[in-house]
Each structure stands twice: as structure tokens, then as C-alpha cells.
Amino acid sequence: MVREIIKPTSEFYNLHIPKEYINHEVEILILPFSYDKELNSKRTQNDDTFSKTSGLLKSKNIDPLKWQEEIRNDREI
């Protein structure tokens with residue numbers, strides 16, 4: 001499968017067909033592409049938060065399995 005997002009600058013576009021598609025039926029679609037810029041911004045913010053906080057508790061010598069058990073026990077009460 002070949003998928004490419006382009007920003008055309010004219011009405012004409014040369015399309016390269018891969019050799020494995022020659023003599024086969026193929027479908028070519030032209031659709032407008034859009035994405036939610038606000039959603040993309042939120043992903044970037046989450047990525048920043050993760051990168052800034054990763055390893056934050058490493059110096060506390062917390063055993064993740066023990067911590068997880070304690071958290072689960074607290075919820076059951």
C-alpha cells in the first residue's frame with residue numbers, strides 16, 4: 001500500500017505506480033486531508049509532560065510491583 005499526503009501546487013500531479021502494482025487493479029483516491037489542530041496540540045502537551053516527568057521517582061527506590069499492589073489494596077477497602 002502506498003499512502004502519501006501532499007500539498008498540490010497545481011491541478012496536475014505525476015503519480016509513480018510501484019512495479020508490483022503494474023497489471024493489477026488499483027484504486028486511486030483524492031480526498032481533502034484535515035486533522036484536528038487542537039487534538040494535535042494536546043498530544044504535544046502530553047508528550048512534554050511525560051518527557052519532563054519520566055524518571056522523576058527513580059531516586060525514591062520504589063518497587064513498581066509492590067507499589068501497584070498497595071494501590072490496588074487501597075481501592076478494595
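Just so it is clear, the structure is predicted and the values come from calculations on it, not from any experiment. (Residues numbered from 1 in each chain as written. Predicted model: local features only at pLDDT ≥ 70, side-chain atom pairs only at ≥ 80, totals over all residues. Heavy atoms only, no water.)

As a further point, take the overall build of the protein. Helix and strand content of the protein: 2 helices and 0 strands. When burial is assessed residue by residue, the protein has 1% of its 77 residues classed as buried. As displayed, the protein offers around 8,800 Å² of accessible surface, 52% of which is attributable to carbon and sulfur atoms. (Helix = DSSP H or I, 4+ residues; strand = E, 2+ residues; numbered from the N terminus. Buried < 20%, exposed > 50% of the residue type's maximum accessible area, 1.4 Å probe, protein only. Areas by Shrake-Rupley, 256 points an atom, 1.4 Å probe, with all protein chains shown as cover.)

Before going further, it helps to spend a moment on unusual backbone geometry. One non-glycine residue, Asn 23, lies in the positive phi region at around 65°. Residue position: Asn 23 is located in the segment before α1 (37–53).

The next thing to look at is a negative patch on the surface. On the surface, Asp 63, Glu 69, Glu 70 and Asp 74 cluster together to form a negatively charged patch. Tracing the chain through its elements places Glu 69 in helix α2 (residues 64–76). (Patch = residues over 30% accessible without salt bridge, like charges linked within 9 Å, V, L, I, M, F, W, Y side chains within 5 Å. Salt bridge = Lys/Arg side-chain N within 4 Å of Asp/Glu carboxyl O. Lys, Arg positive; Asp, Glu negative; His and termini not counted. Charge placed at Lys NZ, Arg CZ, Asp CG, Glu CD.)

The next thing to look at is a nonpolar patch on the surface. Judged by side-chain polarity, Ile 6, Tyr 13, Leu 15, Ile 17, Ile 22, Val 26, Ile 28 and Ile 30 come together as a nonpolar surface patch covering roughly 780 Å² of accessible area. In this fold, Ile 6 is placed in the segment before α1.

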